Amino acid sequence: MAIQAPLSKGSQDPNITVVQQQLIALGYGLPRFGADGVLGDETLYAYGVFLVSQGLRAPADESPTSITPAGTAALDMAFAALAQGGDIANIIDERANHPHSGRSVSMPYRLWSQITAVVLHQTAAKIGEKPASWHSVPIHFGITRAGKVIQLYDLTEVCNHANGLNRRSVGIEIDGWYAGIEGKPKTLWQPKNLPTPRQPMDLPDVQATAVRATVQWILNTVAVNGGTVTHIHPHRQSSKDRQSDPGSLIWQAVGLWAQNTLGLSDGGREFTVGDGLVIPEAWDSRYIGNRY
Ligand SMILES: [Zn+2]
């Protein structure tokens, strides 16, 4: 977004909403009015602090009374740099190629400091290898069976993927259908009216490796931007309708790995959000007596 002429105090303009969203995402909070599209003192103050941080204004100068084209250009650059944080070789960036309709209406954006968790899902479908096929999936990352990492949303966007965990988490969808409990095909979720029931899929090494790399990338990227990811959850923990999500195979290959290797927490034996379900003993042998 680049404005052509300065916007002065009191203006109402869609570009001001964008500026406000960028300021919030960059960590310059607007706690009273948020991204309301009106250029008031709160936004001008945050904008002024941002300009100081970029070396574009001296701290002693009077607060800005308008937003300038040069200021919005600096905001655009800082905002674009936000998403770059970590390093992942084969990431496919689809963020600019779909309308972001999976974003939360009540809280579309968040601060980096509000990102504290990763949530793992199985798609319970076969979305496939074509990036465009993922455009309507309301989540930050999709991981294909061939191990492609497709990014759909910025980490500072809140997506509707995991019920009560949405606001704090980055979501990863792992393509395929997997048993809720390995070795028990009846725990595989079946769509209605299939001529023949599905059989559970395996988890290819290349896909598991890509999911683990993505978890690591999320941790690095949030850390570079001043936040800290401390938790990893299965979708099951935030929805009773997602009993098999993502299933024991994925949970053990990634969820337990992230706890043992990266020091993340699953919240513990009793942890749930909303009407979610605890992690069962069949997924994690520490949780003796936790039912599926
Ligand atoms: Zn899910």
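Residues numbered from 1 in each chain as written. Predicted model: local features only at pLDDT ≥ 70, side-chain atom pairs only at ≥ 80, totals over all residues. Heavy atoms only, no water.

Draft legend 1. How the structure looks around helix 1 (residues 14-25). Compared with an ideal rise of 1.5 Å per residue, which puts 12 residues at 16 Å, helix 1 spans 17 Å between its outermost C-alpha atoms and is within 8% of the ideal. Residues of helix 1 that are buried include every one of I16, V19, Q20, Q21, Q22, L23, I24 and A25, and no others. Its side-chain oxygen 2.7 Å from the backbone nitrogen of N15, D13 forms the N-cap of helix 1. (Helix = DSSP H or I, 4+ residues; strand = E, 2+ residues; numbered from the N terminus. Expected span 1.5 Å × (residues − 1). Buried < 20%, exposed > 50% of the residue type's maximum accessible area, 1.4 Å probe, protein only. Polar contact = N/O pair within 3.5 Å; in protein donor to acceptor, adjacent residues only side chain to side chain.)

Draft legend 2. Fine view of the packing of helix 4 (residues 205-224) against helix 5 (residues 248-262). It is the contact of helix 4 with helix 5, at a shortest axis distance of 10 Å, that shows an interaxial angle of 45°. Taken together, helix 4 and helix 5 sit at an angle that is classed as oblique. Of the two possible hands of crossing, helix 4 and helix 5 adopt the one that is right-handed. In this structure, helix 4 uses V211, R212, V215, Q216 and L219 to contact helix 5, whose residues at the interface are A253, V254, W257 and L262. Split into classes, the residues belonging to the contact of helix 4 with helix 5 amount to 7 nonpolar, 1 polar and 1 charged. (Axes fitted to C-alpha atoms, helices over the stretch in contact; angles between N-to-C directions. Parallel < 35°, antiparallel > 145°, perpendicular 65-115°, else oblique. Left-handed = near helix turned anticlockwise from the far one by under 90°. Contact = heavy atoms within 4.5 Å. Nonpolar A, V, L, I, M, F, W, Y, C, P; charged D, E, K, R; others polar.)

Draft legend 3. Structural detail: helix 4. The terminal C-alpha atoms of helix 4, which comprises 20 residues, lie 28 Å apart, in line with the 28 Å expected from a rise of 1.5 Å per residue. Those residues of helix 4 not exposed but buried are Q207, A208, A210, V211, T214, V215, W217, I218, L219, T221 and V222. Phi turns positive one or two residues past the end of helix 4, at G226, with a value near 95°.

Draft legend 4. Up close: the sheet that holds strand 8 (residues 231-234). The mixed open sheet is built from 6 strands, whose spatial order is 3-6-5-7-4-8. The strands lining the two open edges of the sheet, one partner per strand, are strand 3 (91-93) and strand 8. Direction aside, neighbouring strands of the sheet carry axes that sit 25° apart on average. Packed on one face of the sheet, helix 5 meets strand 4 (117-122), strand 7 (169-174) and strand 8 and runs near 165° to strand 8. (Pairing = 2+ DSSP bridges.)

Draft legend 5. Spotlight on the domain arrangement of the chain. Taken as a whole, the chain is organised into domain 1 (7-82) and domain 2 (91-262). Relative to domain 2, the C-alpha centre of domain 1 lies at a distance of 33 Å. Contact with domain 1, which involves 6 residues of that partner, is made by 8 residues of domain 2. The tally of links from domain 1 across to domain 2 stands at 0 residue pairs in polar contact (both at pLDDT 80 or more). Top element by residues in the side of domain 1 that touches domain 2 is helix 1. It accounts for 3 residues. Taken together, the residues that form the side of domain 1 that touches domain 2 break down as 4 nonpolar, 2 polar and no charged. (Domains from an automatic or database assignment.)

Draft legend 6. Structural context of the pattern of salt bridges. This model, assessed by the stated rule, comprises 9 salt bridges. A salt bridge links D41 to K9; the nearest nitrogen and oxygen atoms lie 2.7 Å apart. Linking D41 in helix 2 (residues 41-53) with K9 in the loop between strand 1 (7-8) and helix 1, this pair joins segments that are 32 residues apart in sequence. Notably, a salt bridge pairs D266 with R286, separated by 3.6 Å at the nearest N-O pair. (Salt bridge = Lys/Arg side-chain N within 4 Å of Asp/Glu carboxyl O.)

Draft legend 7. Geometry of the environment of V254. Relative to the elements of secondary structure, V254 occurs in helix 5. V254 gets classed as buried once you look at its relative accessible area, which sits at 1%. Residues V254 and A213, spaced 41 residues apart in sequence, show a C-alpha to C-alpha distance of 9.9 Å. In contact with V254, not counting residues within four places along its chain, are L120, V211, R212, V215 and I232.

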